Amino acid sequence: STQTAIPSGPSNRRASRSVLVAYGQRKIWVGGDAPVVVQSMTNTDTANAIETAIQIRDLARAGSELVRLTVDRPEAAEAVPYIREQLDKMEVDVPLVGDFHYNGHTLLNDYPECAKALSKYRINPGNVGKGAKRDTQFAQMIEVAARYDKPVRIGVNWGSLDQALLARIMDENAGRAEPWSAQAVMYEALITSAIENAVRAEELGLGRDKIILSCKVSGVQDLIAVYRELAKRCDYPLHLGLTEAGMGSKGIVASTAALSVLLQEGIGDTIRISLTPEPGGDRTKEVIVGQEILQTMGLRKFTPMVIACPGCGRTTSTTFQELADNIQTYLREQMPEWKKTYPGVEAMNVAVMGCIVNGPGESKHANIGISLPGTGESPAAPVFVDGAKFATLRGERIVEEFQDIVLNYVKKNYSN
Ligand code: SF4
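From a predicted model like this one, the values you see are computed outputs, not experimental measurements.

Reading across from one edge, 8-7-6-5-4-3-11-9 is the order of the eight strands in this open sheet, with parallel pairing throughout. Because the sheet does not close on itself, it has two edges, and the strands there are strand 8 (211-216) and strand 9 (239-240). Contacts from helix 1 (residues 49-62) reach strand 3 (37-41), strand 4 (66-70) and strand 5 (96-100), with the element oriented near 155° to strand 4.

In C-alpha coordinates form, the structure reads like this:
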(Lines give C-alpha, C1' and ligand atoms only; values in the text may rest on other atoms or scores of the structure.)
Protein backbone atom coordinates (compact mmCIF):
# COMPACT_ATOMS: atom_id res chain seq x y z
CA SER A 1 0.00 0.00 0.00
CA THR A 2 1.09 3.57 -0.55
CA GLN A 3 2.05 5.38 2.61
CA THR A 4 2.12 9.12 2.97
CA ALA A 5 5.38 10.14 4.57
CA ILE A 6 4.99 12.29 7.67
CA PRO A 7 7.18 15.35 7.15
CA SER A 8 9.62 15.96 9.99
CA GLY A 9 10.23 19.60 9.16
CA PRO A 10 10.98 21.78 6.17
CA SER A 11 13.64 20.32 3.93
CA ASN A 12 12.96 22.63 1.03
CA ARG A 13 14.99 25.67 2.06
CA ARG A 14 15.06 28.19 -0.73
CA ALA A 15 18.51 28.52 -2.29
CA SER A 16 20.09 31.87 -1.45
CA ARG A 17 23.50 33.46 -1.21
CA SER A 18 25.17 33.63 2.19
CA VAL A 19 25.79 37.05 3.66
CA LEU A 20 28.23 37.49 6.53
CA VAL A 21 27.40 39.96 9.28
CA ALA A 22 30.39 40.10 11.59
CA TYR A 23 31.86 41.88 14.54
CA GLY A 24 35.37 40.78 15.47
CA GLN A 25 35.33 37.04 15.98
CA ARG A 26 31.53 36.95 15.99
CA LYS A 27 30.32 35.76 12.61
CA ILE A 28 26.63 35.54 11.79
CA TRP A 29 25.80 34.07 8.40
CA VAL A 30 22.45 34.91 6.87
CA GLY A 31 21.15 32.78 3.99
CA GLY A 32 22.60 29.75 2.23
CA ASP A 33 22.65 26.79 4.59
CA ALA A 34 22.96 28.91 7.73
CA PRO A 35 20.33 28.45 10.44
CA VAL A 36 17.55 31.05 10.40
CA VAL A 37 18.87 33.99 12.44
CA VAL A 38 16.84 35.67 15.21
CA GLN A 39 17.22 39.43 15.47
CA SER A 40 15.60 42.30 17.31
CA MET A 41 15.63 46.07 17.56
CA THR A 42 16.11 48.48 20.45
CA ASN A 43 13.47 51.04 21.45
CA THR A 44 15.73 53.33 23.44
CA ASP A 45 16.96 56.70 22.21
CA THR A 46 20.25 55.76 20.54
CA ALA A 47 21.73 59.08 21.70
CA ASN A 48 21.34 57.73 25.23
CA ALA A 49 24.32 55.43 24.83
CA ILE A 50 24.27 53.78 28.24
CA GLU A 51 20.58 52.92 28.20
CA THR A 52 20.91 51.63 24.64
CA ALA A 53 24.00 49.54 25.42
CA ILE A 54 22.18 47.95 28.36
CA GLN A 55 19.17 47.08 26.24
CA ILE A 56 21.39 45.63 23.50
CA ARG A 57 23.19 43.54 26.13
CA ASP A 58 19.83 42.23 27.42
CA LEU A 59 18.59 41.44 23.91
CA ALA A 60 21.85 39.67 23.07
CA ARG A 61 21.75 37.68 26.31
CA ALA A 62 18.15 36.67 25.55
CA GLY A 63 19.48 35.24 22.27
CA SER A 64 19.23 38.02 19.69
CA GLU A 65 21.95 37.20 17.16
CA LEU A 66 21.86 40.66 15.57
CA VAL A 67 20.55 43.86 17.15
CA ARG A 68 19.33 46.83 15.13
CA LEU A 69 19.25 50.36 16.48
CA THR A 70 17.95 53.51 14.91
CA VAL A 71 20.50 56.09 13.78
CA ASP A 72 18.27 59.06 13.24
CA ARG A 73 20.32 62.17 13.97
CA PRO A 74 23.89 63.37 14.59
CA GLU A 75 23.69 62.70 18.36
CA ALA A 76 22.69 59.10 17.65
CA ALA A 77 25.48 58.63 15.09
CA GLU A 78 27.96 60.05 17.60
CA ALA A 79 26.74 57.63 20.25
CA VAL A 80 27.12 54.47 18.13
CA PRO A 81 30.92 53.96 18.55
CA TYR A 82 30.55 54.67 22.27
CA ILE A 83 27.73 52.08 22.53
CA ARG A 84 30.02 49.56 20.79
CA GLU A 85 32.76 50.37 23.28
CA GLN A 86 30.41 49.86 26.24
CA LEU A 87 29.31 46.51 24.78
CA ASP A 88 32.96 45.47 24.37
CA LYS A 89 33.50 46.21 28.06
CA MET A 90 30.53 44.00 28.90
CA GLU A 91 31.92 41.31 26.58
CA VAL A 92 28.89 41.53 24.31
CA ASP A 93 29.98 40.95 20.73
CA VAL A 94 26.58 40.94 19.01
CA PRO A 95 26.85 42.62 15.58
CA LEU A 96 24.96 45.93 15.40
CA VAL A 97 22.77 47.02 12.52
CA GLY A 98 22.11 50.72 11.92
CA ASP A 99 18.62 51.68 10.77
CA PHE A 100 18.71 54.71 8.45
CA HIS A 101 15.90 56.87 7.08
CA TYR A 102 15.98 60.25 5.28
CA ASN A 103 19.47 61.35 6.35
CA GLY A 104 21.48 58.11 6.23
CA HIS A 105 23.72 59.45 3.45
CA THR A 106 24.73 62.42 5.62
CA LEU A 107 25.17 60.50 8.85
CA LEU A 108 27.19 57.67 7.30
CA ASN A 109 29.50 60.14 5.57
CA ASP A 110 29.85 62.64 8.41
CA TYR A 111 30.36 60.03 11.14
CA PRO A 112 32.85 57.45 9.82
CA GLU A 113 33.37 56.02 13.32
CA CYS A 114 29.65 55.22 13.41
CA ALA A 115 29.79 53.71 9.91
CA LYS A 116 32.72 51.51 11.00
CA ALA A 117 31.24 50.46 14.34
CA LEU A 118 28.09 49.13 12.70
CA SER A 119 28.21 45.66 11.15
CA LYS A 120 25.38 46.21 8.70
CA TYR A 121 23.19 49.05 7.43
CA ARG A 122 19.46 48.93 6.87
CA ILE A 123 18.40 51.21 4.05
CA ASN A 124 14.72 51.90 3.38
CA PRO A 125 14.56 52.76 -0.33
CA GLY A 126 11.28 54.63 0.25
CA ASN A 127 12.97 57.03 2.67
CA VAL A 128 16.13 57.95 0.81
CA GLY A 129 15.01 61.20 -0.79
CA LYS A 130 12.97 62.53 -3.68
CA GLY A 131 13.62 63.16 -7.37
CA ALA A 132 17.18 63.46 -8.60
CA LYS A 133 18.53 63.63 -5.04
CA ARG A 134 17.22 60.14 -4.38
CA ASP A 135 19.71 58.40 -6.64
CA THR A 136 22.65 60.44 -5.37
CA GLN A 137 21.77 59.84 -1.73
CA PHE A 138 21.23 56.13 -2.26
CA ALA A 139 24.59 55.94 -4.04
CA GLN A 140 26.30 57.78 -1.15
CA MET A 141 25.09 55.16 1.34
CA ILE A 142 26.07 52.25 -0.87
CA GLU A 143 29.52 53.76 -1.38
CA VAL A 144 30.07 53.89 2.38
CA ALA A 145 28.95 50.24 2.67
CA ALA A 146 31.34 49.23 -0.13
CA ARG A 147 34.20 51.27 1.39
CA TYR A 148 33.92 49.58 4.79
CA ASP A 149 32.89 46.21 3.36
CA LYS A 150 29.56 46.18 5.19
CA PRO A 151 26.46 44.28 4.14
CA VAL A 152 23.15 46.12 3.78
CA ARG A 153 19.53 45.21 4.02
CA ILE A 154 17.37 46.86 1.44
CA GLY A 155 14.30 47.01 3.66
CA VAL A 156 11.10 48.03 1.93
CA ASN A 157 8.04 48.77 4.04
CA TRP A 158 4.61 49.43 2.65
CA GLY A 159 4.13 52.25 5.11
CA SER A 160 6.94 54.13 3.39
CA LEU A 161 6.86 52.84 -0.16
CA ASP A 162 8.75 54.87 -2.80
CA GLN A 163 5.88 56.96 -4.22
CA ALA A 164 7.58 57.65 -7.56
CA LEU A 165 8.06 53.94 -8.12
CA LEU A 166 4.47 53.21 -7.10
CA ALA A 167 3.25 55.82 -9.60
CA ARG A 168 5.37 54.19 -12.32
CA ILE A 169 3.98 50.71 -11.60
CA MET A 170 0.44 52.14 -11.60
CA ASP A 171 1.04 53.74 -15.00
CA GLU A 172 2.39 50.49 -16.39
CA ASN A 173 -0.66 48.71 -15.00
CA ALA A 174 -3.07 51.18 -16.60
CA GLY A 175 -1.59 50.27 -19.98
CA ARG A 176 -2.34 46.57 -19.50
CA ALA A 177 -5.12 44.90 -21.49
CA GLU A 178 -6.27 43.31 -18.24
CA PRO A 179 -5.14 45.56 -15.40
CA TRP A 180 -4.13 44.01 -12.08
CA SER A 181 -6.01 44.63 -8.86
CA ALA A 182 -4.88 47.48 -6.61
CA GLN A 183 -3.52 44.85 -4.22
CA ALA A 184 -1.46 43.17 -6.95
CA VAL A 185 -0.06 46.56 -7.96
CA MET A 186 0.99 47.22 -4.35
CA TYR A 187 2.73 43.82 -4.13
CA GLU A 188 4.50 44.46 -7.40
CA ALA A 189 5.66 47.89 -6.22
CA LEU A 190 7.11 46.42 -2.99
CA ILE A 191 8.96 43.63 -4.76
CA THR A 192 10.19 45.87 -7.58
CA SER A 193 11.47 48.42 -5.07
CA ALA A 194 13.50 45.78 -3.23
CA ILE A 195 14.95 44.11 -6.31
CA GLU A 196 15.67 47.24 -8.36
CA ASN A 197 17.50 48.86 -5.46
CA ALA A 198 19.52 45.70 -4.85
CA VAL A 199 20.53 45.55 -8.50
CA ARG A 200 21.43 49.25 -8.37
CA ALA A 201 23.54 48.65 -5.25
CA GLU A 202 25.45 45.95 -7.10
CA GLU A 203 26.01 48.28 -10.06
CA LEU A 204 27.39 50.81 -7.61
CA GLY A 205 29.98 48.31 -6.46
CA LEU A 206 28.43 46.50 -3.49
CA GLY A 207 29.27 42.79 -3.59
CA ARG A 208 26.60 40.26 -4.54
CA ASP A 209 27.15 38.62 -1.17
CA LYS A 210 26.45 41.84 0.72
CA ILE A 211 22.72 42.26 0.18
CA ILE A 212 19.71 41.07 2.19
CA LEU A 213 16.15 42.00 1.22
CA SER A 214 12.91 42.53 3.07
CA CYS A 215 9.41 43.68 2.08
CA LYS A 216 7.46 44.20 5.26
CA VAL A 217 3.70 44.59 5.39
CA SER A 218 1.28 44.32 8.31
CA GLY A 219 -1.27 41.82 6.95
CA VAL A 220 -0.63 38.09 7.28
CA GLN A 221 -1.96 37.11 3.84
CA ASP A 222 -0.22 40.07 2.22
CA LEU A 223 3.11 39.10 3.77
CA ILE A 224 2.82 35.52 2.59
CA ALA A 225 1.87 36.57 -0.95
CA VAL A 226 4.65 39.17 -1.23
CA TYR A 227 7.41 36.90 0.09
CA ARG A 228 6.40 33.92 -2.06
CA GLU A 229 6.81 36.10 -5.11
CA LEU A 230 9.95 37.86 -3.89
CA ALA A 231 11.52 34.48 -3.11
CA LYS A 232 10.94 33.31 -6.67
CA ARG A 233 12.44 36.39 -8.29
CA CYS A 234 15.85 36.57 -6.64
CA ASP A 235 18.42 34.65 -4.63
CA TYR A 236 19.21 37.32 -2.03
CA PRO A 237 18.68 36.11 1.54
CA LEU A 238 15.39 37.34 2.98
CA HIS A 239 14.63 39.02 6.28
CA LEU A 240 11.11 38.13 7.46
CA GLY A 241 8.89 40.08 9.74
CA LEU A 242 5.36 41.25 9.99
CA THR A 243 5.62 44.97 10.53
CA GLU A 244 3.40 46.58 13.16
CA ALA A 245 2.32 43.10 14.27
CA GLY A 246 0.66 44.63 17.32
CA MET A 247 0.30 44.18 21.02
CA GLY A 248 0.07 41.16 23.28
CA SER A 249 -1.22 37.87 21.95
CA LYS A 250 -2.41 39.43 18.67
CA GLY A 251 1.13 40.43 17.71
CA ILE A 252 2.49 37.02 18.60
CA VAL A 253 -0.27 35.11 16.81
CA ALA A 254 -0.15 37.23 13.65
CA SER A 255 3.66 36.97 13.42
CA THR A 256 3.59 33.24 14.04
CA ALA A 257 0.82 32.66 11.50
CA ALA A 258 2.64 34.56 8.76
CA LEU A 259 6.18 33.43 9.46
CA SER A 260 5.44 29.76 9.99
CA VAL A 261 3.74 29.43 6.60
CA LEU A 262 6.75 30.99 4.86
CA LEU A 263 9.38 29.17 6.92
CA GLN A 264 7.60 25.88 6.21
CA GLU A 265 8.03 26.65 2.52
CA GLY A 266 11.74 27.23 3.05
CA ILE A 267 11.43 31.03 2.75
CA GLY A 268 13.20 33.28 5.26
CA ASP A 269 16.79 33.51 6.45
CA THR A 270 16.46 35.87 9.39
CA ILE A 271 13.41 36.88 11.41
CA ARG A 272 12.33 39.68 13.65
CA ILE A 273 9.13 39.63 15.66
CA SER A 274 7.88 43.22 15.94
CA LEU A 275 5.87 43.27 19.14
CA THR A 276 4.54 46.45 20.66
CA PRO A 277 5.70 46.15 24.26
CA GLU A 278 3.23 46.82 27.03
CA PRO A 279 4.14 49.89 29.09
CA GLY A 280 7.25 48.95 31.03
CA GLY A 281 7.20 45.60 29.20
CA ASP A 282 10.28 43.58 28.51
CA ARG A 283 11.79 44.08 25.06
CA THR A 284 13.44 40.65 25.16
CA LYS A 285 10.03 39.04 24.66
CA GLU A 286 10.33 39.51 20.90
CA VAL A 287 13.56 37.50 20.94
CA ILE A 288 11.99 34.69 22.94
CA VAL A 289 8.95 34.56 20.63
CA GLY A 290 11.26 34.42 17.60
CA GLN A 291 13.24 31.57 19.12
CA GLU A 292 10.08 29.73 20.09
CA ILE A 293 8.67 29.92 16.56
CA LEU A 294 11.85 28.41 15.14
CA GLN A 295 12.20 25.81 17.90
CA THR A 296 8.60 24.59 17.89
CA MET A 297 8.85 24.22 14.10
CA GLY A 298 11.94 22.07 14.54
CA LEU A 299 14.18 24.52 12.67
CA ARG A 300 16.51 25.44 15.54
CA LYS A 301 17.22 24.51 19.13
CA PHE A 302 17.89 27.29 21.62
CA THR A 303 16.92 26.07 25.03
CA PRO A 304 15.61 22.81 26.53
CA MET A 305 12.00 22.45 25.47
CA VAL A 306 9.61 22.56 28.42
CA ILE A 307 6.44 20.57 27.86
CA ALA A 308 3.74 21.57 30.34
CA CYS A 309 0.13 20.47 30.53
CA PRO A 310 -2.45 23.26 30.47
CA GLY A 311 -3.73 22.36 33.93
CA CYS A 312 -7.38 21.57 34.59
CA GLY A 313 -9.80 20.84 37.41
CA ARG A 314 -7.49 18.08 38.60
CA THR A 315 -4.66 20.53 39.21
CA THR A 316 -4.65 21.19 42.92
CA SER A 317 -2.20 23.89 43.64
CA THR A 318 -0.72 26.95 42.08
CA THR A 319 2.63 25.25 42.71
CA PHE A 320 2.14 23.60 39.33
CA GLN A 321 2.05 26.85 37.31
CA GLU A 322 4.83 28.26 39.46
CA LEU A 323 6.98 25.18 38.88
CA ALA A 324 6.43 25.20 35.11
CA ASP A 325 7.23 28.90 34.93
CA ASN A 326 10.14 28.58 37.29
CA ILE A 327 11.76 25.74 35.36
CA GLN A 328 11.36 27.58 32.06
CA THR A 329 12.98 30.71 33.52
CA TYR A 330 15.69 28.69 35.23
CA LEU A 331 16.61 26.94 31.97
CA ARG A 332 16.67 30.20 30.02
CA GLU A 333 18.88 31.86 32.60
CA GLN A 334 21.31 28.95 32.69
CA MET A 335 21.52 28.54 28.91
CA PRO A 336 24.28 31.06 28.06
CA GLU A 337 26.65 29.34 30.56
CA TRP A 338 25.46 25.82 29.78
CA LYS A 339 25.85 26.33 26.04
CA LYS A 340 29.52 27.12 26.57
CA THR A 341 30.16 24.24 28.97
CA TYR A 342 27.73 21.55 27.86
CA PRO A 343 27.32 21.34 24.08
CA GLY A 344 23.99 20.04 22.83
CA VAL A 345 22.10 20.73 26.04
CA GLU A 346 19.51 22.79 24.14
CA ALA A 347 18.17 19.57 22.62
CA MET A 348 16.90 18.36 26.01
CA ASN A 349 13.17 18.01 26.79
CA VAL A 350 11.67 18.65 30.21
CA ALA A 351 8.06 17.79 31.10
CA VAL A 352 6.22 19.60 33.89
CA MET A 353 2.78 18.06 34.40
CA GLY A 354 -0.13 18.82 36.73
CA CYS A 355 -1.23 15.32 37.75
CA ILE A 356 -0.74 11.63 37.11
CA VAL A 357 -3.37 11.31 34.33
CA ASN A 358 -0.87 12.17 31.59
CA GLY A 359 2.05 13.12 33.82
CA PRO A 360 4.10 9.94 34.05
CA GLY A 361 3.38 9.06 30.38
CA GLU A 362 4.56 12.45 29.16
CA SER A 363 7.46 12.39 31.65
CA LYS A 364 8.71 9.10 30.22
CA HIS A 365 8.92 10.63 26.73
CA ALA A 366 10.99 13.55 28.02
CA ASN A 367 14.59 13.49 29.28
CA ILE A 368 13.31 14.60 32.66
CA GLY A 369 9.71 14.87 33.78
CA ILE A 370 7.84 15.68 36.94
CA SER A 371 4.13 15.23 37.80
CA LEU A 372 2.76 17.27 40.66
CA PRO A 373 -0.01 15.72 42.69
CA GLY A 374 -3.55 16.30 41.37
CA THR A 375 -6.85 16.19 43.30
CA GLY A 376 -7.15 13.17 45.52
CA GLU A 377 -3.58 12.09 44.82
CA SER A 378 -1.04 11.65 47.59
CA PRO A 379 1.15 14.77 48.05
CA ALA A 380 4.12 13.45 46.13
CA ALA A 381 5.70 14.37 42.79
CA PRO A 382 7.22 11.48 40.86
CA VAL A 383 10.23 12.39 38.75
CA PHE A 384 11.26 10.37 35.69
CA VAL A 385 14.72 10.50 34.15
CA ASP A 386 15.26 8.93 30.72
CA GLY A 387 12.01 7.05 30.95
CA ALA A 388 12.56 5.47 34.38
CA LYS A 389 11.27 6.48 37.80
CA PHE A 390 14.08 8.38 39.47
CA ALA A 391 12.75 10.03 42.64
CA THR A 392 9.64 11.19 44.44
CA LEU A 393 9.74 14.78 45.67
CA ARG A 394 7.70 16.08 48.58
CA GLY A 395 7.40 19.18 50.69
CA GLU A 396 8.43 22.80 50.36
CA ARG A 397 11.60 22.41 48.33
CA ILE A 398 10.22 20.62 45.27
CA VAL A 399 11.28 23.43 42.91
CA GLU A 400 14.89 23.59 44.15
CA GLU A 401 15.23 19.80 44.26
CA PHE A 402 13.87 19.50 40.73
CA GLN A 403 16.31 22.19 39.52
CA ASP A 404 19.15 20.20 41.09
CA ILE A 405 18.04 17.04 39.29
CA VAL A 406 17.99 18.97 35.99
CA LEU A 407 21.44 20.47 36.61
CA ASN A 408 22.95 17.10 37.54
CA TYR A 409 21.43 15.55 34.45
CA VAL A 410 23.00 18.25 32.31
CA LYS A 411 26.42 17.81 33.96
CA LYS A 412 26.30 14.04 33.55
CA ASN A 413 24.99 13.85 30.01
CA TYR A 414 26.38 16.86 28.23
CA SER A 415 29.90 17.26 29.65
CA ASN A 416 32.64 16.83 27.11
FE1 SF4 B 1 -5.25 18.07 33.99
FE2 SF4 B 1 -3.55 16.19 34.81
FE3 SF4 B 1 -3.97 16.57 32.16
FE4 SF4 B 1 -2.59 18.36 33.54
S5 SF4 B 1 -2.00 16.22 33.17
S6 SF4 B 1 -4.26 18.80 32.10
S7 SF4 B 1 -3.64 18.31 35.53
S8 SF4 B 1 -5.46 15.84 33.67
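Our next topic: the site of the ligand. The immediate surroundings of the ligand are formed by C309, P310, G311, C312, R314, T315, M353, G354, C355, V357 and N358. Here the shell around the ligand is composed, by residue class, of six nonpolar, four polar and one charged.

According to UniProt, the positions carrying the feature "binding site: [4Fe-4S] cluster" (unreviewed entry) are C309, C312, C355 and E362. Looking at where C312 falls in the secondary structure, it is placed in the loop between strand 13 (305-308) and helix 11 (319-341). Here C355 shows up in the loop between strand 14 (349-353) and helix 12 (359-365). In this structure, C355 is in contact with R314, P360, S371, L372, G374 and E377, ignoring residues within four places of it in sequence.

Here we take up the packing of aromatic side chains. Under the definition given, this model contains three aromatic pairs. When the centroid spacing of 6.0 Å and the interplanar angle of 85° are considered together, the rings of Y330 and W338 count as edge-to-face. Assessed through its relative accessible area of 13%, Y330 is described here as buried. We note R176 situated over the ring of W180; from NZ or CZ to the ring centre the distance is 3.7 Å.

Taking 1.5 Å per residue as the helical rise, helix 8 (residues 220-233) with its 14 residues ought to reach 20 Å, and the 20 Å between its terminal C-alpha atoms agrees with that figure. Looking at helix 8, one finds that the buried residues are D222, L223, I224, V226, Y227, L230 and A231. Of the surrounding secondary structure, the elements contacted by the buried residues of helix 8 are helix 7 (182-203), strand 8, strand 9 and helix 9 (248-264).

Before going further, it helps to spend a moment on the UniProt feature "domain: IspG TIM-barrel" (unreviewed entry) in the chain. On the UniProt side, "domain: IspG TIM-barrel" (unreviewed entry) is annotated at positions that read residues 27-290 here. End C-alpha atoms of residues 27-290 are separated by 20 Å, and the span's content is 50% helix alongside 17% strand.

It is worth spelling out the pattern of salt bridges at this point. Counted under the stated rule, the structure contains 28 salt bridges. Note that K232 and E229 form a salt bridge whose closest N and O atoms lie 3.4 Å from each other. One end of the pair is K232 and the other is E229, both in helix 8 and three residues apart, which spans about a single turn. By relative accessible area, K232 is classed as exposed at 66%. The partner of R272 in a salt bridge is E286, and the shortest N-O contact between them spans 3.1 Å. Of this pair, R272 sits in strand 11 (residues 270-272) while E286 is found in helix 10 (residues 285-296), placing the two residues 14 residues apart along the sequence. Of the two residues, R272 and E286, both sit in the buried class. A network of salt bridges, in which partner residues are shared, links R17, E202, R208 and D235.

What counts and what doesn't
Residues numbered from 1 in each chain as written. Predicted model: local features only at pLDDT ≥ 70, side-chain atom pairs only at ≥ 80, totals over all residues. Heavy atoms only, no water. Pairing = 2+ DSSP bridges. Helix = DSSP H or I, 4+ residues; strand = E, 2+ residues; numbered from the N terminus. Contact = heavy atoms within 4.5 Å. Axes fitted to C-alpha atoms, helices over the stretch in contact; angles between N-to-C directions. Near = heavy atom within 4 Å. Nonpolar A, V, L, I, M, F, W, Y, C, P; charged D, E, K, R; others polar. UniProt positions renumbered as here; feature names shortened; annotations may be inferred. Phe/Tyr/Trp six-rings, centres within 6.5 Å; stacked < 30°, edge-to-face > 60°. Buried < 20%, exposed > 50% of the residue type's maximum accessible area, 1.4 Å probe, protein only. Lys NZ or Arg CZ within 6 Å of the ring centre and 35° of its normal. Expected span 1.5 Å × (residues − 1). Salt bridge = Lys/Arg side-chain N within 4 Å of Asp/Glu carboxyl O.

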